[in-house]
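Observations on chain architecture
Here's the letter readout for the chains.
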Amino acid sequence: MNVDKVTWVKDDQREVTRLCAQAGLMLLQHGAESALVESVVRRLGLALGMDAVELVLLANGITLTTIRGGGCHTTARRNLDRGINMHAVTEVQRTMLLAEEKQLDAAGVARRLDGIKPFRYPRWLVSVMVGFSCAAFARLGLLAQGAEADLGTYVLTFAASAVAMHVRQWLASFQFNPLVNFAVTAFIATSIAAQGVIHGWVDSPKIAMSACVLLFVPGFPFINAVSDMVKGYINTGISRGVMAVLLLLACCAGIVLAMTVWNVWTWL
Amino acid sequence: MNPLITLLQDFGLAAVPAVGFAMIFNVPKPALKYCALAGAIGHALRFALTKPSLPWIGPLPIELATLIAAGVVSVIGIYWAQKWRAHPKVFTVAAMIPMVPGVYAFTALLALVEIERKGYSEALLRTALDNGLRAFFIIAALAVGLALPGLLFYRRKPVV
(Lines give C-alpha, C1' and ligand atoms only; values in the text may rest on other atoms or scores of the structure.)
Protein backbone atom coordinates (compact mmCIF):
# COMPACT_ATOMS: atom_id res chain seq x y z
CA MET A 1 0.00 0.00 0.00
CA ASN A 2 1.21 3.45 -0.82
CA VAL A 3 1.95 5.12 2.52
CA ASP A 4 1.89 8.64 1.07
CA LYS A 5 -1.56 8.15 -0.30
CA VAL A 6 -2.89 6.92 3.06
CA THR A 7 -1.57 10.00 4.89
CA TRP A 8 -3.04 12.28 2.25
CA VAL A 9 -6.46 10.70 2.65
CA LYS A 10 -6.30 11.08 6.42
CA ASP A 11 -5.24 14.72 6.27
CA ASP A 12 -8.03 15.41 3.82
CA GLN A 13 -10.62 13.93 6.15
CA ARG A 14 -9.15 15.80 9.11
CA GLU A 15 -9.49 19.06 7.19
CA VAL A 16 -13.16 18.37 6.35
CA THR A 17 -13.85 17.49 10.00
CA ARG A 18 -12.26 20.76 11.05
CA LEU A 19 -14.38 22.70 8.54
CA CYS A 20 -17.60 21.00 9.65
CA ALA A 21 -16.81 21.83 13.29
CA GLN A 22 -16.03 25.44 12.37
CA ALA A 23 -19.29 25.84 10.44
CA GLY A 24 -21.39 24.17 13.15
CA LEU A 25 -19.80 26.20 15.93
CA MET A 26 -20.34 29.44 14.02
CA LEU A 27 -24.04 28.63 13.55
CA LEU A 28 -24.49 27.67 17.20
CA GLN A 29 -22.70 30.79 18.45
CA HIS A 30 -24.89 33.10 16.39
CA GLY A 31 -28.26 31.74 17.42
CA ALA A 32 -29.25 29.17 14.78
CA GLU A 33 -31.72 26.52 15.85
CA SER A 34 -30.43 22.96 16.35
CA ALA A 35 -32.16 21.47 13.30
CA LEU A 36 -30.44 24.05 11.08
CA VAL A 37 -27.01 23.43 12.65
CA GLU A 38 -27.33 19.69 12.17
CA SER A 39 -28.56 19.87 8.57
CA VAL A 40 -25.97 22.43 7.42
CA VAL A 41 -23.05 20.54 8.99
CA ARG A 42 -24.21 17.19 7.61
CA ARG A 43 -24.75 18.55 4.09
CA LEU A 44 -21.38 20.35 4.15
CA GLY A 45 -19.59 17.12 5.14
CA LEU A 46 -21.37 15.07 2.47
CA ALA A 47 -20.67 17.75 -0.18
CA LEU A 48 -16.95 17.58 0.69
CA GLY A 49 -16.87 13.82 0.11
CA MET A 50 -17.64 12.20 3.47
CA ASP A 51 -19.86 9.09 3.64
CA ALA A 52 -21.65 10.33 6.76
CA VAL A 53 -21.44 13.06 9.38
CA GLU A 54 -22.82 12.46 12.87
CA LEU A 55 -23.39 15.36 15.21
CA VAL A 56 -24.16 15.73 18.91
CA LEU A 57 -25.35 19.17 20.02
CA LEU A 58 -25.25 20.61 23.51
CA ALA A 59 -26.02 24.13 24.63
CA ASN A 60 -22.34 24.80 25.34
CA GLY A 61 -20.57 22.50 22.95
CA ILE A 62 -20.59 20.51 19.76
CA THR A 63 -19.18 17.04 19.03
CA LEU A 64 -19.04 15.63 15.53
CA THR A 65 -17.68 12.61 13.71
CA THR A 66 -17.02 12.32 9.99
CA ILE A 67 -16.99 8.83 8.49
CA ARG A 68 -15.35 7.84 5.23
CA GLY A 69 -14.57 4.34 4.08
CA GLY A 70 -14.67 2.98 7.64
CA GLY A 71 -12.33 5.68 8.99
CA CYS A 72 -13.77 7.98 11.64
CA HIS A 73 -12.62 11.39 12.81
CA THR A 74 -14.17 12.93 15.91
CA THR A 75 -13.74 16.41 17.27
CA ALA A 76 -15.35 18.51 19.99
CA ARG A 77 -15.64 22.29 20.29
CA ARG A 78 -16.71 24.51 23.16
CA ASN A 79 -19.49 26.99 22.37
CA LEU A 80 -19.39 30.57 23.63
CA ASP A 81 -22.49 32.60 22.87
CA ARG A 82 -21.64 35.51 20.55
CA GLY A 83 -25.14 36.96 20.35
CA ILE A 84 -27.75 36.46 17.65
CA ASN A 85 -26.40 37.31 14.20
CA MET A 86 -28.48 36.29 11.19
CA HIS A 87 -25.85 37.66 8.81
CA ALA A 88 -23.28 35.09 9.99
CA VAL A 89 -25.89 32.31 9.82
CA THR A 90 -26.82 33.28 6.25
CA GLU A 91 -23.18 33.37 5.16
CA VAL A 92 -22.39 29.92 6.61
CA GLN A 93 -25.47 28.48 4.94
CA ARG A 94 -24.55 29.99 1.56
CA THR A 95 -21.04 28.53 1.86
CA MET A 96 -22.61 25.11 2.37
CA LEU A 97 -24.91 25.62 -0.65
CA LEU A 98 -21.92 26.60 -2.84
CA ALA A 99 -20.04 23.49 -1.69
CA GLU A 100 -23.09 21.37 -2.54
CA GLU A 101 -23.17 22.88 -6.03
CA LYS A 102 -19.47 21.94 -6.39
CA GLN A 103 -18.48 25.60 -6.78
CA LEU A 104 -16.24 25.39 -3.71
CA ASP A 105 -13.75 22.68 -2.67
CA ALA A 106 -12.45 22.16 0.88
CA ALA A 107 -9.84 24.93 0.48
CA GLY A 108 -12.49 27.30 -0.89
CA VAL A 109 -14.87 26.54 1.98
CA ALA A 110 -12.04 27.18 4.47
CA ARG A 111 -11.25 30.55 2.84
CA ARG A 112 -14.92 31.58 2.82
CA LEU A 113 -15.58 30.51 6.41
CA ASP A 114 -12.47 32.33 7.64
CA GLY A 115 -13.54 35.42 5.71
CA ILE A 116 -16.96 35.74 7.41
CA LYS A 117 -16.98 38.91 9.51
CA PRO A 118 -20.31 38.98 11.39
CA PHE A 119 -22.01 42.22 10.36
CA ARG A 120 -23.30 44.55 13.08
CA TYR A 121 -25.51 47.59 12.80
CA PRO A 122 -24.15 50.82 14.35
CA ARG A 123 -25.08 51.08 18.03
CA TRP A 124 -26.83 54.44 17.85
CA LEU A 125 -29.00 53.26 14.94
CA VAL A 126 -30.09 50.13 16.83
CA SER A 127 -30.88 52.24 19.93
CA VAL A 128 -33.01 54.70 17.95
CA MET A 129 -34.86 51.94 16.09
CA VAL A 130 -35.52 50.03 19.32
CA GLY A 131 -36.84 53.27 20.84
CA PHE A 132 -39.28 53.59 17.92
CA SER A 133 -40.17 49.90 18.27
CA CYS A 134 -41.15 50.27 21.91
CA ALA A 135 -43.09 53.46 21.15
CA ALA A 136 -44.92 51.45 18.47
CA PHE A 137 -45.65 48.77 21.09
CA ALA A 138 -47.11 51.49 23.31
CA ARG A 139 -49.36 52.65 20.45
CA LEU A 140 -50.37 49.06 19.70
CA GLY A 141 -51.24 48.58 23.37
CA LEU A 142 -53.45 51.67 23.33
CA LEU A 143 -54.97 50.58 20.01
CA ALA A 144 -55.89 47.17 21.45
CA GLN A 145 -57.62 48.94 24.36
CA GLY A 146 -59.37 51.29 21.94
CA ALA A 147 -57.87 54.25 23.82
CA GLU A 148 -57.02 57.66 22.35
CA ALA A 149 -53.50 58.42 21.13
CA ASP A 150 -51.24 60.00 23.76
CA LEU A 151 -48.07 61.68 22.54
CA GLY A 152 -46.53 61.93 26.03
CA THR A 153 -46.63 58.16 26.45
CA TYR A 154 -44.87 57.58 23.12
CA VAL A 155 -42.13 60.14 23.77
CA LEU A 156 -41.49 58.77 27.27
CA THR A 157 -41.43 55.16 26.03
CA PHE A 158 -39.07 56.13 23.20
CA ALA A 159 -36.66 57.90 25.56
CA ALA A 160 -36.66 55.15 28.19
CA SER A 161 -36.15 52.27 25.77
CA ALA A 162 -33.62 54.02 23.50
CA VAL A 163 -31.44 54.95 26.49
CA ALA A 164 -31.79 51.45 27.96
CA MET A 165 -30.87 49.83 24.63
CA HIS A 166 -27.82 52.04 24.32
CA VAL A 167 -26.65 51.14 27.83
CA ARG A 168 -27.36 47.47 27.10
CA GLN A 169 -25.10 47.51 24.02
CA TRP A 170 -22.46 49.51 25.87
CA LEU A 171 -22.39 47.06 28.81
CA ALA A 172 -22.37 44.11 26.42
CA SER A 173 -19.19 45.51 24.85
CA PHE A 174 -17.47 45.05 28.24
CA GLN A 175 -18.43 41.35 28.23
CA PHE A 176 -20.73 41.65 31.24
CA ASN A 177 -22.85 38.60 32.00
CA PRO A 178 -26.16 39.10 30.10
CA LEU A 179 -28.14 38.50 33.31
CA VAL A 180 -26.34 41.37 35.07
CA ASN A 181 -26.68 43.50 31.96
CA PHE A 182 -30.43 42.91 31.65
CA ALA A 183 -31.10 43.60 35.34
CA VAL A 184 -29.18 46.90 35.25
CA THR A 185 -30.72 48.13 32.00
CA ALA A 186 -34.27 47.12 33.02
CA PHE A 187 -33.72 49.20 36.16
CA ILE A 188 -32.69 52.18 34.01
CA ALA A 189 -35.63 51.84 31.61
CA THR A 190 -38.20 51.57 34.41
CA SER A 191 -36.59 54.46 36.31
CA ILE A 192 -36.89 56.79 33.29
CA ALA A 193 -40.50 55.73 32.69
CA ALA A 194 -41.25 56.20 36.40
CA GLN A 195 -40.15 59.88 36.21
CA GLY A 196 -42.89 60.52 33.67
CA VAL A 197 -45.41 58.86 35.93
CA ILE A 198 -44.26 60.80 39.03
CA HIS A 199 -44.36 64.14 37.23
CA GLY A 200 -47.63 63.31 35.48
CA TRP A 201 -46.38 63.67 31.90
CA VAL A 202 -48.39 60.72 30.62
CA ASP A 203 -52.07 59.77 30.53
CA SER A 204 -51.51 56.01 30.46
CA PRO A 205 -48.66 55.25 32.89
CA LYS A 206 -49.24 51.51 32.80
CA ILE A 207 -48.66 51.36 29.04
CA ALA A 208 -45.48 53.46 29.28
CA MET A 209 -44.07 51.36 32.14
CA SER A 210 -44.73 48.07 30.37
CA ALA A 211 -43.82 49.07 26.79
CA CYS A 212 -40.39 50.46 27.70
CA VAL A 213 -39.14 47.07 28.98
CA LEU A 214 -40.39 45.07 26.00
CA LEU A 215 -36.95 45.34 24.41
CA PHE A 216 -35.75 42.83 27.03
CA VAL A 217 -38.16 40.04 26.09
CA PRO A 218 -35.91 37.28 24.70
CA GLY A 219 -38.25 36.41 21.81
CA PHE A 220 -35.63 34.70 19.66
CA PRO A 221 -34.38 32.31 22.38
CA PHE A 222 -37.99 31.47 23.33
CA ILE A 223 -38.98 30.66 19.73
CA ASN A 224 -35.75 28.69 19.21
CA ALA A 225 -36.39 26.79 22.44
CA VAL A 226 -39.87 25.69 21.42
CA SER A 227 -38.91 24.84 17.83
CA ASP A 228 -35.90 22.82 19.06
CA MET A 229 -38.18 20.79 21.31
CA VAL A 230 -40.82 20.34 18.61
CA LYS A 231 -38.14 19.00 16.26
CA GLY A 232 -36.77 16.54 18.83
CA TYR A 233 -33.79 18.43 20.27
CA ILE A 234 -35.14 18.40 23.80
CA ASN A 235 -31.72 19.01 25.40
CA THR A 236 -30.82 22.23 23.61
CA GLY A 237 -34.46 23.33 23.74
CA ILE A 238 -34.55 23.10 27.53
CA SER A 239 -31.21 24.92 27.87
CA ARG A 240 -32.37 27.77 25.66
CA GLY A 241 -35.76 27.99 27.36
CA VAL A 242 -34.24 28.09 30.85
CA MET A 243 -31.77 30.78 29.77
CA ALA A 244 -34.63 32.87 28.33
CA VAL A 245 -36.66 32.57 31.54
CA LEU A 246 -33.58 33.55 33.59
CA LEU A 247 -33.12 36.64 31.41
CA LEU A 248 -36.77 37.58 32.04
CA LEU A 249 -36.31 37.05 35.79
CA ALA A 250 -33.20 39.25 35.77
CA CYS A 251 -35.26 41.99 34.10
CA CYS A 252 -37.98 41.51 36.69
CA ALA A 253 -35.42 42.06 39.43
CA GLY A 254 -34.42 45.33 37.79
CA ILE A 255 -38.04 46.43 37.33
CA VAL A 256 -39.03 45.62 40.92
CA LEU A 257 -35.97 47.40 42.27
CA ALA A 258 -36.79 50.51 40.23
CA MET A 259 -40.46 50.42 41.29
CA THR A 260 -39.36 50.16 44.94
CA VAL A 261 -36.84 53.01 44.66
CA TRP A 262 -39.31 55.41 42.97
CA ASN A 263 -42.37 53.95 44.72
CA VAL A 264 -44.35 53.71 41.48
CA TRP A 265 -46.47 50.56 41.45
CA THR A 266 -48.62 51.18 38.41
CA TRP A 267 -47.85 47.86 36.75
CA LEU A 268 -49.92 45.45 38.84
CA MET B 1 -62.87 54.65 14.62
CA ASN B 2 -63.27 53.06 11.20
CA PRO B 3 -62.20 49.38 11.56
CA LEU B 4 -60.28 49.48 8.28
CA ILE B 5 -58.24 52.49 9.44
CA THR B 6 -57.54 50.71 12.74
CA LEU B 7 -56.35 47.66 10.82
CA LEU B 8 -54.10 49.78 8.61
CA GLN B 9 -52.66 51.49 11.70
CA ASP B 10 -51.97 48.09 13.22
CA PHE B 11 -50.30 46.98 9.97
CA GLY B 12 -48.02 50.02 9.86
CA LEU B 13 -47.20 50.02 13.58
CA ALA B 14 -46.26 46.32 13.68
CA ALA B 15 -43.66 46.83 10.94
CA VAL B 16 -41.61 49.11 13.23
CA PRO B 17 -40.74 46.58 15.97
CA ALA B 18 -40.15 43.91 13.31
CA VAL B 19 -37.41 46.09 11.77
CA GLY B 20 -36.07 47.29 15.14
CA PHE B 21 -35.63 43.77 16.44
CA ALA B 22 -34.34 42.50 13.09
CA MET B 23 -31.51 45.00 13.63
CA ILE B 24 -30.80 43.55 17.09
CA PHE B 25 -30.59 40.13 15.39
CA ASN B 26 -28.29 41.63 12.71
CA VAL B 27 -30.46 40.55 9.80
CA PRO B 28 -28.63 41.58 6.57
CA LYS B 29 -29.76 44.96 5.20
CA PRO B 30 -31.50 43.72 2.01
CA ALA B 31 -33.69 41.39 4.11
CA LEU B 32 -34.98 44.12 6.46
CA LYS B 33 -37.87 45.08 4.16
CA TYR B 34 -39.07 41.47 4.12
CA CYS B 35 -38.98 41.41 7.94
CA ALA B 36 -41.06 44.59 8.05
CA LEU B 37 -43.65 43.28 5.60
CA ALA B 38 -43.91 39.86 7.25
CA GLY B 39 -44.20 41.42 10.72
CA ALA B 40 -46.96 43.74 9.53
CA ILE B 41 -48.87 40.94 7.78
CA GLY B 42 -48.62 38.62 10.79
CA HIS B 43 -49.71 41.13 13.42
CA ALA B 44 -52.49 42.67 11.32
CA LEU B 45 -53.83 39.20 10.47
CA ARG B 46 -53.91 38.25 14.15
CA PHE B 47 -55.51 41.60 15.01
CA ALA B 48 -58.24 41.01 12.42
CA LEU B 49 -58.85 37.39 13.49
CA THR B 50 -59.40 38.34 17.15
CA LYS B 51 -61.90 41.15 16.38
CA PRO B 52 -65.51 40.51 17.48
CA SER B 53 -66.72 42.07 14.21
CA LEU B 54 -65.07 39.27 12.21
CA PRO B 55 -67.71 37.78 9.87
CA TRP B 56 -68.62 34.05 9.69
CA ILE B 57 -66.17 32.56 12.17
CA GLY B 58 -66.47 35.21 14.88
CA PRO B 59 -63.60 36.24 17.13
CA LEU B 60 -60.93 33.55 17.47
CA PRO B 61 -59.04 33.06 20.75
CA ILE B 62 -55.69 34.86 20.60
CA GLU B 63 -53.68 31.61 20.74
CA LEU B 64 -55.39 30.15 17.66
CA ALA B 65 -55.18 33.46 15.81
CA THR B 66 -51.45 33.56 16.61
CA LEU B 67 -50.99 30.03 15.27
CA ILE B 68 -52.71 30.91 12.00
CA ALA B 69 -50.82 34.21 11.60
CA ALA B 70 -47.47 32.52 12.31
CA GLY B 71 -48.26 29.74 9.83
CA VAL B 72 -49.11 32.25 7.09
CA VAL B 73 -45.91 34.25 7.75
CA SER B 74 -43.90 31.03 7.69
CA VAL B 75 -45.25 30.06 4.25
CA ILE B 76 -44.36 33.54 2.92
CA GLY B 77 -40.95 33.21 4.58
CA ILE B 78 -40.24 29.92 2.80
CA TYR B 79 -40.99 31.54 -0.58
CA TRP B 80 -38.54 34.37 0.18
CA ALA B 81 -35.98 31.96 1.62
CA GLN B 82 -35.83 29.93 -1.57
CA LYS B 83 -35.51 33.08 -3.66
CA TRP B 84 -32.86 34.53 -1.36
CA ARG B 85 -30.89 31.38 -0.43
CA ALA B 86 -31.15 31.88 3.32
CA HIS B 87 -32.94 30.05 6.13
CA PRO B 88 -36.58 31.23 6.51
CA LYS B 89 -35.94 32.05 10.19
CA VAL B 90 -33.79 34.97 9.01
CA PHE B 91 -37.02 36.70 7.97
CA THR B 92 -39.69 35.09 10.11
CA VAL B 93 -38.41 35.30 13.68
CA ALA B 94 -38.08 39.10 13.56
CA ALA B 95 -41.58 39.14 12.06
CA MET B 96 -42.87 37.21 15.11
CA ILE B 97 -41.51 39.78 17.58
CA PRO B 98 -44.57 42.12 17.46
CA MET B 99 -46.70 39.11 18.45
CA VAL B 100 -44.47 37.94 21.33
CA PRO B 101 -46.49 38.23 24.56
CA GLY B 102 -43.97 40.35 26.46
CA VAL B 103 -46.46 42.15 28.68
CA TYR B 104 -48.14 38.87 29.74
CA ALA B 105 -44.77 37.28 30.55
CA PHE B 106 -43.58 40.24 32.62
CA THR B 107 -46.92 40.57 34.43
CA ALA B 108 -46.82 36.89 35.40
CA LEU B 109 -43.28 37.12 36.77
CA LEU B 110 -43.97 40.41 38.58
CA ALA B 111 -47.03 38.84 40.23
CA LEU B 112 -44.82 36.00 41.46
CA VAL B 113 -42.36 38.51 42.91
CA GLU B 114 -45.29 40.27 44.59
CA ILE B 115 -46.43 36.98 46.17
CA GLU B 116 -42.93 36.63 47.57
CA ARG B 117 -42.99 40.20 48.93
CA LYS B 118 -46.52 40.42 50.32
CA GLY B 119 -47.39 36.77 50.92
CA TYR B 120 -49.95 34.59 49.16
CA SER B 121 -53.17 36.05 47.87
CA GLU B 122 -55.62 34.51 45.47
CA ALA B 123 -55.77 37.60 43.23
CA LEU B 124 -51.99 37.65 42.73
CA LEU B 125 -51.78 33.92 42.07
CA ARG B 126 -54.61 34.24 39.57
CA THR B 127 -52.77 37.10 37.79
CA ALA B 128 -49.58 35.03 37.69
CA LEU B 129 -51.26 31.88 36.35
CA ASP B 130 -53.55 33.62 33.84
CA ASN B 131 -50.78 35.73 32.33
CA GLY B 132 -48.09 33.06 32.53
CA LEU B 133 -50.21 30.41 30.83
CA ARG B 134 -51.33 32.83 28.13
CA ALA B 135 -47.71 33.86 27.47
CA PHE B 136 -46.65 30.21 27.30
CA PHE B 137 -49.42 29.22 24.90
CA ILE B 138 -48.85 32.21 22.61
CA ILE B 139 -45.10 31.51 22.41
CA ALA B 140 -45.82 27.85 21.70
CA ALA B 141 -48.29 28.92 18.99
CA LEU B 142 -45.66 31.21 17.43
CA ALA B 143 -43.00 28.49 17.30
CA VAL B 144 -45.34 25.73 16.15
CA GLY B 145 -46.89 28.05 13.56
CA LEU B 146 -43.42 28.81 12.19
CA ALA B 147 -42.65 25.08 12.07
CA LEU B 148 -45.98 24.16 10.40
CA PRO B 149 -44.78 24.07 6.74
CA GLY B 150 -41.81 21.95 7.83
CA LEU B 151 -44.05 19.59 9.81
CA LEU B 152 -46.70 19.26 7.09
CA PHE B 153 -44.98 19.64 3.71
CA TYR B 154 -41.15 19.58 4.05
CA ARG B 155 -41.05 16.59 6.37
CA ARG B 156 -37.61 15.17 5.54
CA LYS B 157 -36.52 17.69 2.92
CA PRO B 158 -34.58 20.84 3.73
CA VAL B 159 -36.37 24.07 2.80
CA VAL B 160 -33.27 25.64 1.22
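None of these values were measured; they are calculated from a predicted model. (Residues numbered from 1 in each chain as written. Chains lettered and ligands numbered in written order. Predicted model: local features only at pLDDT ≥ 70, side-chain atom pairs only at ≥ 80, totals over all residues. Heavy atoms only, no water.)

Here we look at the domain arrangement of chain A
Often the size quoted for an interface is simply the accessible area lost on bringing the parts together. Residue and element names in this part refer to chain A. The domain architecture assigned to chain A consists of domain 1 (3-114) and domain 2 (123-262). With centres defined by C-alpha atoms, the gap from domain 1 to domain 2 works out at 36 Å. At the interface, 12 residues of domain 1 touch 10 residues of domain 2. When the buried surface of domain 1 facing domain 2 is broken down by residue, Glu33, Ser34 and Ile84 rank first, second and third, together holding 47% of it. The residue glutamate 33 makes a salt bridge to lysine 231 at a minimum N-O spacing of 3.2 Å. Contributions of two or more residues to the side of domain 1 that touches domain 2 are made by α2 (34-47) and β1 (52-58). Ranked by residues supplied to the side of domain 1 that touches domain 2, first place goes to α2 with three residues. (Domains from an automatic or database assignment. Contact = heavy atoms within 4.5 Å. Buried area = accessible area lost by both parts, 1.4 Å probe. Salt bridge = Lys/Arg side-chain N within 4 Å of Asp/Glu carboxyl O. Helix = DSSP H or I, 4+ residues; strand = E, 2+ residues; numbered from the N terminus.)

Quick notes on the nonpolar core
Of all hydrophobic cores here, the largest spans 127 residues; its most connected members are Phe216 of chain A together with Phe25, Val27 and Phe106 of chain B. If one sorts the elements of this core by residue count, helix α5 (residues 123-145) of chain A sits on top with 11 residues. Once residues within four sequence positions are removed from consideration, phenylalanine 106 of chain B is found in contact with Val213, Phe216, Val217, Leu248, Cys251, Cys252, Ile255 and Trp267 of chain A. (Core = buried A, V, L, I, M, F, W, Y, C linked by side-chain atoms within 4.5 Å. Buried < 20%, exposed > 50% of the residue type's maximum accessible area, 1.4 Å probe, protein only.)

Here's the deal with the packing of helix α9 (residues 219-230) of chain A against helix α4 (residues 89-96) of chain B
Contact pair α9 of chain A / α4 of chain B: the axes reach a minimum separation of 10 Å and the direction vectors enclose 120°. Here the hand of the crossing between α9 of chain A and α4 of chain B comes out right-handed. From α9 of chain A, Phe220, Ile223, Asn224 and Ser227 of chain A reach across to α4 of chain B, where they touch Lys89, Val93 and Met96 of chain B. Its residues assigned to classes, the contact of α9 of chain A with α4 of chain B comprises four nonpolar, two polar and one charged. (Axes fitted to C-alpha atoms, helices over the stretch in contact; angles between N-to-C directions. Left-handed = near helix turned anticlockwise from the far one by under 90°. Nonpolar A, V, L, I, M, F, W, Y, C, P; charged D, E, K, R; others polar.)

A word on α5 of chain A
The end-to-end C-alpha distance of α5 of chain A is 33 Å, a good match for the 33 Å that 23 residues give at a rise of 1.5 Å each. One or two steps after α5 of chain A, the chain reaches glycine 146 of chain A, where phi turns positive at roughly 75°. (Expected span 1.5 Å × (residues − 1).)

A short note on the packing of aromatic side chains
The final tally for this structure, using the stated rule, is 11 aromatic pairs over all chains. Plain terms: the ring middles of tryptophan 80 of chain B and phenylalanine 91 of chain B are 6.1 Å apart, the flat faces sit at 65° to each other, and that makes the pair edge-to-face. On the criterion of sequence distance, the pair formed by tryptophan 80 of chain B in helix α3 (residues 62-84) and phenylalanine 91 of chain B in helix α4 is long-range, its members being 11 residues apart. Accessibility expressed as a relative area gives 0% for phenylalanine 91 of chain B, which makes it buried. Ring geometry for phenylalanine 136 of chain B against phenylalanine 137 of chain B: centres 5.8 Å apart, planes inclined by 90°, an arrangement best described as edge-to-face. Under the relative-accessibility criterion, phenylalanine 137 of chain B is labelled partly exposed at 46%. Three or more aromatic residues link up through ring pairs in this structure, and these residues are Tyr34, Trp80, Trp84 and Phe91 of chain B. Lying across the ring of tryptophan 84 of chain B, arginine 94 of chain A places its NZ or CZ 4.7 Å from the centre. (Phe/Tyr/Trp six-rings, centres within 6.5 Å; stacked < 30°, edge-to-face > 60°. Lys NZ or Arg CZ within 6 Å of the ring centre and 35° of its normal.)

Comments concerning the interface of chain A and chain B
With 54 residues of chain A in contact, the opposing surface of chain B contributes 52 residues. Interface area, chain A with chain B, both sides summed: about 4,900 Å², of which 77% is carbon and sulfur. A per-residue breakdown of the area chain A buries against chain B is headed by Tyr121, Ile223 and Leu268 of chain A, which together make up 14% of the total. Here chain A and chain B share two salt bridges between them. Scanning the region where chain A abuts chain B turns up 15 residue pairs in polar contact (both at pLDDT 80 or more). Put simply, the parts of the chain that give the side of chain A that touches chain B at least two residues each are α2, α3 (86-100), α5, α6 (151-172), α9 and α10 (234-262) of chain A. Partitioned by chemical class, the residues of the side of chain A that touches chain B number 37 nonpolar, nine polar and eight charged. (Polar contact = N/O pair within 3.5 Å; in protein donor to acceptor, adjacent residues only side chain to side chain.)

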